[in-house]
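# Architecture and fold: a report
As a plain string of letters, each chain reads:
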Amino acid sequence: MLEAGGLFVLGTERHESRRIDNQLRGRSGRQGDPGRSVFFLSLEDDLMRIFGSERLDSVLSKLGMKEGEAIVHPWVNKSLERAQAKVEGRNFDIRKQLLKFDDVMNDQRKVIFGQRREIMEADDLSEIVQDMRHQVIDDLMEDFLPPKTYADQWDTEGLHEALVTRLALDLPVADWAAEEGVDQDAIRERLYEAADKLAAEKAEAFGADTMRQIEKQILLQTIDGKWREHLLTLEHLRSVVGFRGYAQRDPLNEYKTEAFQLFESMLNALRFDVSQRLAQVRPLTQEEQDAMMRQFMAQQQAAQAAAPAVQPTATAPVLEAVGAAAAGFVESDPTTWGNPGRNDACPCGSGQKFKHCHGRFA
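Residues numbered from 1 in each chain as written. Predicted model: local features only at pLDDT ≥ 70, side-chain atom pairs only at ≥ 80, totals over all residues. Heavy atoms only, no water.

### Here we look at the packing of helix α5 (residues 126–144) against helix α6 (residues 156–167)
In the contact formed by α5 and α6, the axes pass within 10 Å of each other and the chain directions differ by 155°. By the angle between their directions, the pair α5 and α6 is classed as roughly antiparallel. Judged by the twist between their axes, the crossing of α5 over α6 is right-handed. Seen from α5, the contacting residues are Arg133, Val136, Ile137, Leu140, Met141 and Phe144; seen from α6, they are Gly158, Leu159, Ala162, Leu163 and Leu167. Grouping the constituent residues of the contact of α5 with α6 by class yields nine nonpolar, one polar and one charged. (Axes fitted to C-alpha atoms, helices over the stretch in contact; angles between N-to-C directions. Helix = DSSP H or I, 4+ residues; strand = E, 2+ residues; numbered from the N terminus. Parallel < 35°, antiparallel > 145°, perpendicular 65-115°, else oblique. Left-handed = near helix turned anticlockwise from the far one by under 90°. Contact = heavy atoms within 4.5 Å. Nonpolar A, V, L, I, M, F, W, Y, C, P; charged D, E, K, R; others polar.)

### Things to note about the state of the cysteines
Summed over all chains, the structure comprises zero disulfides. Cysteine Cys348 is unpaired, with the sulfur of Cys346 as its nearest cysteine sulfur at 3.4 Å. Between Cys357, a cysteine without a disulfide, and Cys346, which holds the nearest cysteine sulfur, the sulfur-to-sulfur distance is 3.6 Å. (Disulfide = S-S within 2.5 Å.)

### Details of the packing of α6 against helix α10 (residues 251–280)
At a minimum axis separation of 7 Å, α6 and α10 run at an interaxial angle of 75°. By the angle between their directions, the pair α6 and α10 is classed as roughly perpendicular. Contacts between α6 and α10 involve Thr165, Arg166 and Leu167 on the former and, on the latter, Phe272, Asp273, Ser275, Gln276, Ala279 and Gln280. Looking at the contact of α6 with α10, its residues break down into three nonpolar, four polar and two charged.

### A short note on the pattern of salt bridges
For the structure on display, the rule yields 12 salt bridges. Taking the shortest distance from any N to any O, the salt bridge between Arg212 and Asp124 comes out at 3.5 Å. Linking Arg212 in helix α9 (residues 208–240) with Asp124 in the loop between α4 (74–121) and α5, this pair joins segments that are 88 residues apart in sequence. In this structure Arg212 comes out as buried when scored by relative accessible area, which is 17%. Classification of Asp124 as partly exposed rests on a relative accessible area of 48%. The partner of Arg212 in a salt bridge is Glu215, with the nearest N and O atoms 3.0 Å apart. Pair noted here: Arg212 and Glu215 are both in helix α9, with a separation of three residues, about one helical turn. Across this residue pair, the class does not change: Arg212 and Glu215 are buried. Three or more residues joined by partner-sharing salt bridges are found here, namely Arg244, Arg249, Glu254 and Glu258. (Salt bridge = Lys/Arg side-chain N within 4 Å of Asp/Glu carboxyl O. Buried < 20%, exposed > 50% of the residue type's maximum accessible area, 1.4 Å probe, protein only.)

### Description of the environment of Lys202
The topology assignment puts Lys202 in helix α8 (residues 184–206). In this structure, the C-alpha to C-alpha distance between Lys202 and Val281, residues 79 residues apart in sequence, is 8.4 Å. Setting aside residues no more than four positions away along its own chain, Lys202 makes contact with Met211, Leu278, Ala279, Gln280 and Val281.

### Quick look at unusual backbone geometry
Unlike most non-glycine residues, Ala168 shows phi in positive territory, near 55°. By the secondary structure assignment, Ala168 is in the loop between α6 and α7 (173–178). With a relative accessible area of 38%, Ala168 lands in the partly exposed category. Backbone geometry places Gln248, a non-glycine residue, at a positive phi of 60°. By secondary structure assignment, the location of Gln248 is in the loop between α9 and α10.

### Concerning the side chain of Arg271
With respect to the helices, strands and loops of the structure, Arg271 is situated in helix α10. The buried charged residue Arg271 lacks any salt bridge, with Asp139 as its nearest oppositely charged partner at 4.3 Å. Among all residues touching Arg271, those that are not within four sequence positions of it are Met132, Gln135, Val136 and Asp139. (Lys, Arg positive; Asp, Glu negative; His and termini not counted.)

### Remarks on the packing of aromatic side chains
Taken as a whole and judged by the stated rule, the model has three aromatic pairs. Sitting over the face of the ring of Phe113, Arg109 holds its NZ or CZ atom 5.5 Å from the ring centroid. Here the basic side chain of Arg190 rests over the ring of Trp176, its NZ or CZ set 5.3 Å away from the ring centre. (Phe/Tyr/Trp six-rings, centres within 6.5 Å; stacked < 30°, edge-to-face > 60°. Lys NZ or Arg CZ within 6 Å of the ring centre and 35° of its normal.)

Structure (structure tokens):
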């Protein structure tokens, strides 16, 4: 190889990155060994089209260059290097822009994972759950009993339905609103007290330790579900936000703004879902436990009753096959065995497949 002049690298195109071309050139001169590299291009290559092959083609036709004739000139090499530099710069800008989009998602991920780690390491989450519950009440009050409004403008029926659905609280909100001198703060305090009382009763019914575990499991499950949905929403937003550029708006700024709004919406939905699930959970009554036990016993009895009926049908073919030798079967005379298939029953009547019985010795 060395006597013949070393390795000769022949390239049939120039890549968008000069780094790849230099790596190919380096193959021909490893550790000081002799070598040579030559690259050939076509005017129809992608890089030449970016460079402007139509103009070059017209110039060459005027000079009288024939088809298939090699063009060797330093001006062509420099022009190709400039075209490669432009492509590399464009690719770098694309990667840089993608990194900025990823940073938005990464910042939100740090917040969610930080909260999740705090929940996993905490032993008592009652204060966090209580804050979520109170925040839900504040949001409901703002929706149905807005501030700076009179009592006749309040939607007490809507608030009552929302409390039943969200917090499992059936309270006389309409009667409270009809009382003399009652404002939003007074109703809010009553709702706080009723919701905290219901949570304390459930903790007493389940037991303090069990209730703390239930709160932790519901919090973690809800966070995981909401975060997965949020990531999917961000992916959809990222795939379409580029069209905002046609409206002379920066896609990155639009993505940051809407991603932040979606993150806030996710946190609000997280508080509502956690509060709703904790409000709906309750211990089973003795009647429900007895009904579940009776249902379980009935299923066990039905399974046991069905087992003997299935067993004879499954084993009957095997029992019939055992001891039922074929007519005229002589173990020492293979000509009396007939012509059974490998997976057929052995003619000796053992019940095994022929390939596992006498067919194994044939």
